[in-house]
Amino acid sequence: MILTFKGAAKTVTGSKHIITTQQGKKILLDCGLYQNSAKDNDELNSHLGFNPAEIDAVILSHAHIDHSGNLPLLVKLGFTGKIFATPATRDLCEVMLMDSAHIHENDMVFLNKRRAKMGKPPLKPLYTTKDAGKCMKHFYTVPYHNEFVINDEVSFNFTDAGHILGSAVVNLAIKDLNKIIHVCFTGDIGRPHDLIIKAPEKFRQADYIICESTYGNRLHDDAAMAAEKLLQVVLETCVEKKGKLLIPAFSLGRTQEVVYTLDRLKTQGLLPAIKVFVDSPLSMNATDIMRKYSDSFNEEIQKYMEIDDDPFGFKNLIYIQDAEESKALNELKEPCIIISASGMMEAGRIKHHLHNNIGKENCTLLVVGFVPPNSLGHRLLRGDKQVRIFGEVHDVKMQIKAINSYSAHADYTEIIDFLSCQNKAELKKIFLVHGNEDVMFDFKTKLIESGFSNIEIPDLNDYYELH
Ligand SMILES: [Zn+2]
């Protein structure tokens, strides 16, 4: 049996790993988009690095685009098998992949207008909404804890990864030379005390673990700090300076966390009477799906819902679907909060809001999520005085701030706690993926200090024989 790393190798996006069984069956774990700097993305995303027609099945850890976002291209290029996912992940992918296709189409329209002016030929989007629709037909849902047999060599179950709604750890059992090899793919690992969803679960003993390492050298602030810090930035920007507060956020997960924090502040009477816009066509749909699966929420929010049955809605909170209404926010003179996607600021409506407000001293950009190196968000956070957006150079005059308390990813102590359900002596190897190279080396040291051994940090296209 061979494990090959086809993405998220020494980087945080583009999750893709292939297991090739003894009889030559190929199982693809995740099929995510790269979301680093726009230039590299195009090249990495349009070339999968393998033949999709040769893949027998996909097992998807969760709906985030860096794990699921290249599934439409996989199908478009010849994949005919099933995509296994939890029911919530399937529902979320339906809206996430359609939104991703929209973004590709819209950005291409914008880019092609510029290309036409320069006399360059138009380009085609990576995939279209039609491709995303075709991809959805391949989904097959498997609830948590059900052992599912894919073929006579491979079975698996999902356990809750506590990262976002529907997120799963994939626990594979694979027949190889008359024995069973257990491979665990963590997907992304959540925190033990998430604002909304339940904690990551223990998982069965593995021989090999493919483990994420996004925050392999960091400790997060306490999640309880988020409300206090957020309120402070709202008061400074919207009340004192009468400016706009832009909050880039994933439409799924982070948006609901920020809205829920504001909802609680509103209930406590602390939030000033300003308008709050959630400007993402996807957020409203994602929020509806969150409401549908409220039994996946943790005890604290379930308790809050006894006094406020909608933790994602309050007076002055407006969800915007329509593009024209989104554009109208540029003309709005009053102070407001705009929560918009994408969280990494590499695509979507947030880029347009930045384009319009980056030169205004009374406005603030509040980063509440992970920004990969070389991304626009990263350049702004490190204090670049000029940045390029849609090919135009802008002077950065708005305030740039960050809150580190929100995270859907476990920090290194939390990942080590998560792995502690395993008998270390029985673990043959841990492969670190989904992290920056320097972080992975730090994390490897921390794992060794905690008694784990045989830690590998694979490069893109590296492959390992598993026994
Ligand atoms: Zn994720």
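Residues numbered from 1 in each chain as written. Predicted model: local features only at pLDDT ≥ 70, side-chain atom pairs only at ≥ 80, totals over all residues.

Asker: Looking at this structure, I do not really get the sheet that holds strand S22 (residues 463-465). What am I missing?
Answerer: Hydrogen bonds between backbone groups are what pair the strands of a sheet, and the pairing can be parallel or antiparallel. One open sheet holds the seven strands; their spatial order is S6-S5-S4-S3-S2-S1-S22, and the pairing between them is mixed. Whereas interior strands pair on both sides, the edge strands pair on one side only; in this sheet they are strand S6 (139-141) and S22. Strand-to-strand twist of the sheet, defined as the mean angle between neighbouring strand axes without regard to direction, takes the value 25°. Summarising the sheet, strand S3 (residues 26-29) and strand S4 (residues 57-59) pair through three bridges and their orientation is parallel. Each residue of the ladder has a partner; that of Leu28, found in S4, is Val58. On top of the sheet, helix H4 (residues 87-117) reaches strand S5 (82-85) and S6; it is set at about 150° to S6, its chief contact. (Pairing = 2+ DSSP bridges. Helix = DSSP H or I, 4+ residues; strand = E, 2+ residues; numbered from the N terminus. Axes fitted to C-alpha atoms, helices over the stretch in contact; angles between N-to-C directions. Contact = placed C-beta atoms within 7 Å.)

Asker: I keep staring at the packing of helix H6 (residues 225-240) against helix H7 (residues 254-267) and nothing clicks. Help me out?
Answerer: Between two packed helices, what matters for the description is the angle formed by their axes and the separation of those axes. Running from amino to carboxyl end, H6 crosses H7 at an angle of 75°, the nearest separation of the two axes being 10 Å. The pairing of H6 with H7 is recorded here as roughly perpendicular in orientation. Facing H6, whose interface residues are Ala226, Ala227, Leu230 and Leu231, H7 presents Thr261, Arg264 and Leu265. (Parallel < 35°, antiparallel > 145°, perpendicular 65-115°, else oblique.)

Asker: Can you help me understand the environment of Glu426 in this one?
Answerer: In this fold, Glu426 is placed in the loop between helix H13 (412-419) and strand S20 (429-433). Remark: the alpha-carbon pair of Glu426 and Asp207, spanning 219 residues in sequence, is separated by 6.4 Å.

Asker: Help me out: how do you make sense of the sheet that holds strand S16 (residues 364-367) in this one?
Answerer: Read across the sheet, six strands follow the order S14-S13-S15-S12-S16-S19 without closing on themselves; strand pairing throughout is parallel. The sheet is open, and its two edges are formed by strand S14 (317-320) and strand S19 (399-402), each paired on a single side. Across the sheet, the mean angle from the axis of one strand to that of its neighbour is 20°, orientation sign disregarded. Relative to S19, S16 runs parallel, the two sharing four bridges. Within S19, the position partnered with Leu365 by the bridge is Ile400. Across the sheet, H6 touches strand S12 (244-248), strand S15 (336-340), S16 and S19, and the angle it forms with S12 is around 140°. Seen against the sheet, H7 touches S12, strand S13 (275-279), S14 and S15 and runs at an angle of roughly 165° to S13.

Asker: Hey, could you run me through the domain arrangement of the chain in this one?
Answerer: As assigned here, the chain comprises domain 1 (2-218 + 408-465) and domain 2 (225-402). Each of domain 1 and domain 2 has a C-alpha centre, and the two are 27 Å apart. Opposite the 27 residues of domain 1 that make contact, domain 2 presents 27 residues. Of the residues forming the side of domain 1 that touches domain 2, the biggest block, ten residues, is contributed by H4. Residue composition of the side of domain 1 that touches domain 2, by class: 15 nonpolar, six polar and six charged. (Domains from an automatic or database assignment. Nonpolar A, V, L, I, M, F, W, Y, C, P; charged D, E, K, R; others polar.)

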